[in-house]
Amino acid sequence: MEEVSHLLVTHAQFDHASHAARLRRHGVQVVANREGGEALVKGDDRCVGYAVHGVFEPCTVDRVVSDGERLAIGGVEIRCLEAPGHADSCVIYEVHLRAERLWFGGDVINVGVECQSVELGWNGGPDYRRATYVETLRRLAKLPCDHLFPGHGPACIGDGHRLVDMAYTLAMMELRWRVRRVSVTPFEVSDVDSHYEIVWRWI
Ligand SMILES: [Zn+2]
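Residues numbered from 1 in each chain as written. Predicted model: local features only at pLDDT ≥ 70, side-chain atom pairs only at ≥ 80, totals over all residues.

Here we look at the overall build of the chain
The condition is simple: Each helix is a run of DSSP H or I of at least 4 residues and each strand a run of E of at least 2, with the numbering of both proceeding from the N terminus. Exposure classes come from backbone-placed C-beta atoms, where a residue is buried if 20 or more other C-beta atoms lie within 10 Å of its own, exposed if 12 or fewer do, and partly exposed in between. What counts as a contact here is a pair of residues whose C-beta atoms, placed from the backbone, lie within 7 Å.
Counting its regular elements, the chain contains 7 helices and 10 strands. Here the chain, with 203 residues, has 38% of them falling under the buried criterion. A sequence separation of at least 24 residues applies to 60% of the contacts in the chain between residues at least 6 apart.

Some words on helix 3 (residues 34–42)
Within helix 3, the full set of buried residues consists of Glu 35, Gly 36, Gly 37, Ala 39 and Leu 40. On its buried side, helix 3 packs onto helix 1 (14–17), helix 2 (20–25), strand 2 (29–33), strand 3 (63–65) and strand 6 (91–97). Positive phi appears at Gly 43, one or two residues downstream of helix 3, with a value of about 60°.

A look at helix 4 (residues 130–140)
Formally: When we speak of the arc, we mean the arc of directions from the helix axis to the C-beta atoms.
Of the residues making up helix 4, those classed as buried are Tyr 133, Val 134, Thr 136, Leu 137 and Leu 140. Down the axis, helix 4 shows its buried residues gathered within 160° of arc, on one side only.

Re the environment of Ala 32
On the secondary structure map, Ala 32 appears in strand 2. Taking the C-alpha atoms as reference, Ala 32 lies 8.3 Å from Asp 62; in sequence the two are 30 residues apart. Sequence-distant contacts of Ala 32, that is, excluding residues within four places in its chain, are made with Val 9, Ala 12, Gly 37, Leu 40, Val 61, Val 64 and Ser 89.

Some words on the pairing of strand 4 (residues 70–73)
The cut-off we apply is this: Strand pairing requires that DSSP identify at least two bridges connecting the strands.
Across 4 bridges, strand 4 lies against strand 5 (residues 76–82) in antiparallel orientation. Bridged to Ile 73 within strand 5 is Val 76. Hairpin remark: strand 4 followed by strand 5, antiparallel, with 2 residues in the connecting loop; positive phi at Gly 74, about 60°.

Some points on the sheet that holds strand 7 (residues 100–104)
Basically, it comes down to this: Axis lines are fitted through C-alpha atoms, for helices just across the contact stretch, and the angle between N-to-C directions can take any value from 0 to 180 degrees.
With mixed pairing, 5 strands are arranged side by side in an open sheet as 4-5-6-7-10. Since the sheet does not close on itself, it has two edges, and those belong to strand 4 and strand 10 (147–149), each with one partner. Recorded for the sheet is a direction-independent mean angle of 25° between the axes of neighbouring strands.

Focus on the pairing of strand 5
Successive residues of a regular strand alternate their side chains across the two faces of the sheet. As defined by bridge partners, strand 5 adjoins strand 6 across 6 bridges and the pair is classed as antiparallel. Note that in strand 6 the partner of Glu 77 across the bridge is His 96.

Digging into unusual backbone geometry
One non-glycine residue, Val 48, adopts positive backbone phi at about 45°. In this structure Val 48 comes out as buried when scored by C-beta crowding, with 25 C-beta atoms within 10 Å. The backbone phi angle of Cys 115 is positive, close to 60°, even though this residue is not glycine. As for its position among the elements, Cys 115 is in the loop between strand 8 (110–111) and strand 9 (118–119).

A look at the sheet that holds strand 1 (residues 6–8)
Spatially, 3 strands are ordered 1-2-3 in an open sheet, and the strand pairing comes out parallel. The open sheet has two edge strands, strand 1 and strand 3, and neither has a second partner. Averaged over all neighbouring strand pairs, the angle between strand axes comes to 25°, with direction disregarded. Bridging between strand 1 and strand 2 involves 3 bridges; their strand directions are parallel. Looking at strand 2, one finds that Leu 8 is bridged to Val 31. Contacts between helix 3 and the sheet are confined to strand 2 and strand 3, with strand 2 contributing the most and set at about 120° to the helix.

Set out below in structure tokens:
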């Protein structure tokens, strides 16, 4: 355990952060963004312990990072990319290794068998925000990514940007389907409004 110096929390949900407190007791430094830090300290519903009938052990965060911030750990540089939507606590950690960019992104983009498909993060959390998620993916699709290491699914070597692009397309297709439902669910209009123009590019 003494070889592990830092835990970079991709988001505060149970299946990604439930052992943070335990690791911290062994001297590991816990890193998260502001929203992640708040959720972890409280161990509240944003940690979705309820989804597995579990109790989330609260955890103090040692370092709070924000978008664009750089860390130097283990001789490598890591850039933090905040990526809200699936949860407000989502951060992608971009590791710079031999001029290549490796993304460790939790549930922002999940990947299917042999890196042939993508899935978006679960939408059952209390701070899931669909429009924000689409905006995040739109921003990410413009950034270089060489290799993608998802929270669920295989490591995808050399396929990073293609998968990010696929995730953005998938999110847009789902949003388009939702716009068509607006007539029967008018209370959702405000959520869709800001993306209306983008949506129509796809229809
Ligand atoms: Zn998640």
